[in-house]
Amino acid sequence: MTTLPFFQVDAFADRPFTGGPAAVMPLDAWLDDETLQRIAAENNLAETAFTVPLDGNDADHELRWFTPACEVVMCGHATFASAHVLMGTRDRVRFATRRAGMLTVARDGGGYLMSLPAWVPAPRPLPEIVAALELDPATVEATLWHEQRYAVAVVTDEAAVRACRPDMRALAAMGDVLAVVTAPGTDTDIVSRAFAPGAGIDEDPVTGSAHAVVAPYWAERLGRPRFSAFQASARGGRLSVSVEGDRVVLGGTCVTVIEGRFSL
């Protein structure tokens, strides 16, 4: 029987049972894609991150992410979790990815700072998304779209974000779309929630890539590049956000909750 190292990490969390849970599975070499997808389905978490070490000077590991249903272009919280597992005594870890470029996570006191590409969304009418999110149109201030299939609804306040009760079947019918609802926060500068039932995730607890999309919008609206964020899922997660040119830097902490072996 083959066994693989397995870690479950709560990312953007300061204690267990909060933040975004991710499985991290460091490999010596790539397994076939079908096996990777089956492992992710077995783990049944929002994301399973697989890494393979690299010998080059540009990156330390190659990184891929799978939901229970599909491989994704970029996942922030599972990248954060992967760095937490692999950092060791280093000050930073560099990940080469297939479609999101180079991602870097560096130590920051007792936590980490993660650099993601700034995926700037553009205004676009999204009536089907607003309807599937079952938002009151009167609360929707703007709708935005990014070509990596991120749909954003900006609503009036945190109460509207928390009250959102999407029609998951209607969202799933749109395919692999990440729908984000965001607003000014009460205790933080912004608050958001993220839904991706078409990718096998009804509500993602904490979504780094969603903040790579909404951060440029909020930086412009707030008139400053740095702000605080809270993802108002049932688990909840807090992030620091900084827009630095064409990058979004997210900060937070991680907690390892499971360490063991996965049997094939």
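Here is a short report on the structure shown in this document. Fair warning: this is a prediction, and the values are worked out from it, not measured in the lab. (Residues numbered from 1 in each chain as written. Predicted model: local features only at pLDDT ≥ 70, side-chain atom pairs only at ≥ 80, totals over all residues. Heavy atoms only, no water.)

Once that is clear, we can look at the overall build of the chain. When helices and strands are tallied, the chain shows six helices and 17 strands. Scaling as 2.2 N^0.38, a compact globule of 264 residues should have a C-alpha radius of gyration of about 18 Å, and the chain matches this with 18 Å. Across the 264 residues that make up the chain, the buried fraction comes to 56%. When the accessible surface of the chain is summed, it comes to about 11300 Å², and 49% of that surface belongs to carbon and sulfur atoms. (Helix = DSSP H or I, 4+ residues; strand = E, 2+ residues; numbered from the N terminus. Rg over C-alpha atoms; globule rule 2.2 N^0.38 Å. Buried < 20%, exposed > 50% of the residue type's maximum accessible area, 1.4 Å probe, protein only. Areas by Shrake-Rupley, 256 points an atom, 1.4 Å probe, with all protein chains shown as cover.)

It is worth spelling out the nonpolar core at this point. The biggest cluster of nonpolar side chains holds 59 residues, and the ones touching the most others in it are Phe12, Trp65, Met74, Phe80, Phe95, Val105 and Leu250. The element best represented in this core is helix α6 (residues 208–222), accounting for seven residues. Once residues within four sequence positions are removed from consideration, Leu250 is found in contact with Phe12, Phe80, Tyr112, Leu113, Met114, Leu116, Gly208, His211, Leu239, Ser240 and Val241. Ala151, Ala160, Val177 and Val191 belong to the second-largest nonpolar core, a separate cluster that totals 22 residues. (Core = buried A, V, L, I, M, F, W, Y, C linked by side-chain atoms within 4.5 Å. Contact = heavy atoms within 4.5 Å.)

It is worth spelling out the pairing of strand β7 (residues 111–117) at this point. Of all the seven residues making up β7, six are buried; the element is thus mostly covered by neighbouring parts of the structure. Sheet analysis places strand β6 (residues 102–108) next to β7, joined by five bridges and oriented antiparallel. Bridging from a neighbouring strand, Val105 pairs with Met114 of β7. With antiparallel pairing between neighbouring strands as the criterion, β6 and β7 make up a hairpin whose turn holds two residues, including Gly109 at a positive phi of roughly 65°. Of the pairings in the sheet, the one linking β7 to strand β16 (residues 247–252) comprises six bridges and is antiparallel in character. Among the inter-strand pairings, Met114 is bridged to a residue of β16, identified as Leu250. (Pairing = 2+ DSSP bridges.)

One non-glycine residue, Phe17, lies in positive phi territory at about 75°. Looking at the secondary structure, you find Phe17 in the loop between β1 (3–11) and β2 (20–26). With a phi close to 75°, Arg149 is a non-glycine residue in the positive phi region. Along the chain, the position of Arg149 falls in the loop between β9 (140–146) and β10 (150–155).

Between side chains of opposite charge, pairing is possible as soon as their charged atoms come close. For the structure shown, the criterion picks out 12 salt bridges. One salt bridge connects Glu34 with Arg38, and the closest N-O pair in it is separated by 2.8 Å. Taken together, the positions of Glu34 and Arg38, both in helix α1 (residues 33–43) and four residues apart, correspond to about one turn of that helix. Judged by relative accessible area, Glu34 falls into the partly exposed class, the value being 48%. Among the residues examined, Arg38 registers a relative accessible area of 59% and is labelled exposed. Where Asp189 meets Arg224, a salt bridge forms, and the shortest distance between an N and an O atom there is 3.0 Å. Here the residue Asp189 occupies a position in the loop between β11 (178–184) and β12 (190–196), and Arg224 occupies one in the loop between α6 and β14 (226–231), the gap between them amounting to 35 residues. (Salt bridge = Lys/Arg side-chain N within 4 Å of Asp/Glu carboxyl O.)

Considering all chains together, one arrives at five aromatic pairs under this definition. With a centroid separation of 4.2 Å and an interplanar angle of 10°, the aromatic rings of Phe12 and Phe80 are classed as stacked. Here Phe12, found in the loop between β1 and β2, pairs with Phe80, found in helix α2 (residues 76–86); they are 68 residues apart in sequence, far enough to count as distant. Ring geometry for Phe80 against Tyr112: centres 5.8 Å apart, planes inclined by 85°, an arrangement best described as edge-to-face. Residue Phe80 is located in helix α2, and its partner Tyr112 is located in strand β7; the two are separated by 32 residues in the primary sequence. By the burial criterion, Phe80 is buried, and Tyr112 matches it. Each member of the aromatic cluster is reached from another via a ring pair, and the members are Phe12, Phe80 and Tyr112. The ring of Trp30 is capped by Arg98, whose NZ or CZ atom sits 5.6 Å from the centre of that ring. (Phe/Tyr/Trp six-rings, centres within 6.5 Å; stacked < 30°, edge-to-face > 60°. Lys NZ or Arg CZ within 6 Å of the ring centre and 35° of its normal.)

What follows is about α6. Over its 15 residues, α6 extends 20 Å from the first C-alpha to the last, a length consistent with the 21 Å expected when each residue adds 1.5 Å. In α6, a bend of some 40° at Val214 exceeds every other bend along the element, and Pro216, a proline, comes one to four places later. Counted residue by residue, α6 has 11 buried out of 15 residues, so it is predominantly covered. Residues of α6 that are buried: Gly208, Ser209, Ala210, His211, Ala212, Val213, Val214, Ala215, Pro216, Trp218 and Ala219. Of the residues one or two after α6, Gly223 is the one with positive phi, at around 80°. (Expected span 1.5 Å × (residues − 1). Bend = angle between axes of the 7 residues up to and from the residue.)

Keep in mind these numbers describe shape, not what the thing actually does.
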